[in-house]
Amino acid sequence: MKAVGTVVMIMLLGCASAPAKPEVAPEGGVGVVFRLESNTIAIDKIATLGPAAGAGITHRDSLFAIDGVSVQGLPLSDVVAKLRGPAGTSVTLRVGPMSDDTREVVVVRQVVPPLTRECTGNCDNGNGTSVDSFGERYEGAFVGGRYHGEGVL
């Protein structure tokens, strides 16, 4: 007697899902604007609600080192690049009003919104009042959207 049967091969084609991409934190910063002043990197503006302001850095401070490395002689673009990093990470800054009166400050990077400006009046070509996201206020004349002539900053 012969056994009769059917062999059915079932091939399971699994939908192997691609490995989940690790979540990448958005780029953050410390919330300051710099200016080069006599070979010193001076802090020009500070985002009012930004991480640098929360860490006690003021517009009277200058930046001397980032994570223990001197910034003297570095182009501002390199300094800014060193301050940027994933939001939530920290960076240690050596700041102070002058090089012999400094302190170390740990700042946790945050997503800092771009510079914005609120205006009342005519801030294009006329008189108005402008307040930017760094808290800088200007009242006076504007031409082409820029401060012009007499005004109070």
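No experiment lies behind these values; they were computed from the predicted model shown. (Residues numbered from 1 in each chain as written. Predicted model: local features only at pLDDT ≥ 70, side-chain atom pairs only at ≥ 80, totals over all residues. Heavy atoms only, no water.)

Roughly 330 Å³ of internal volume is contained in the largest pocket. Forming the boundary of the largest pocket are 18 residues, of which Gly29, Gly31, Val32, Arg84 and Val112 lie nearest the centre. Within the residue set of the lining of the largest pocket, elements represented by two or more residues are β1 (27–28), β2 (32–37) and α2 (76–83). Of the residues forming the lining of the largest pocket, the biggest block, three residues, is contributed by β2. Among the residues making up the lining of the largest pocket, the classes are represented as 12 nonpolar, four polar and two charged. Taken as a whole, the second largest pocket spans an internal volume of roughly 190 Å³. Taken together, Leu36, Asn39, Thr40, Ile41, Leu63, Phe64, Ser70, Val71, Gln72, Gly73, Leu74 and Ser99 form the lining of the second largest pocket. Contributing elements (two or more residues each) for the lining of the second largest pocket: β3 (40–46) and β4 (62–66). The class makeup of the residues in the lining of the second largest pocket is six nonpolar, six polar and no charged. (1 Å grid on protein atoms, 1.4 Å probe; cavity = no way out; pocket = protein on both sides within 12 Å on 5 of 7 lines; lining within 4 Å. Points joined across faces, edges and corners; volume = space filled by probe spheres on them. Helix = DSSP H or I, 4+ residues; strand = E, 2+ residues; numbered from the N terminus. Nonpolar A, V, L, I, M, F, W, Y, C, P; charged D, E, K, R; others polar.)

This part is about the environment of glutamate 37. If you trace the backbone, glutamate 37 turns up in strand β2. Placed 25 residues apart in sequence, glutamate 37 and serine 62 show a C-alpha to C-alpha distance of 9.4 Å.

Attention now goes to the pairing of β3. Of all the seven residues making up β3, five are buried; the element is thus mostly covered by neighbouring parts of the structure. By the bridge criterion, six bridges tie β2 to β3 in an arrangement that is antiparallel. Across the sheet, glutamate 37 pairs through a bridge with threonine 40, a residue of β3. Counting the residues between successive antiparallel strands, the hairpin from β2 to β3 contains two residues, one of them, serine 38, with a positive phi of roughly 50 degrees. Relative to β4, β3 is paired through two bridges, and the arrangement is antiparallel. When the sheet's bridge partners are listed, alanine 42 is paired in β4 with serine 62. (Buried < 20%, exposed > 50% of the residue type's maximum accessible area, 1.4 Å probe, protein only. Pairing = 2+ DSSP bridges.)

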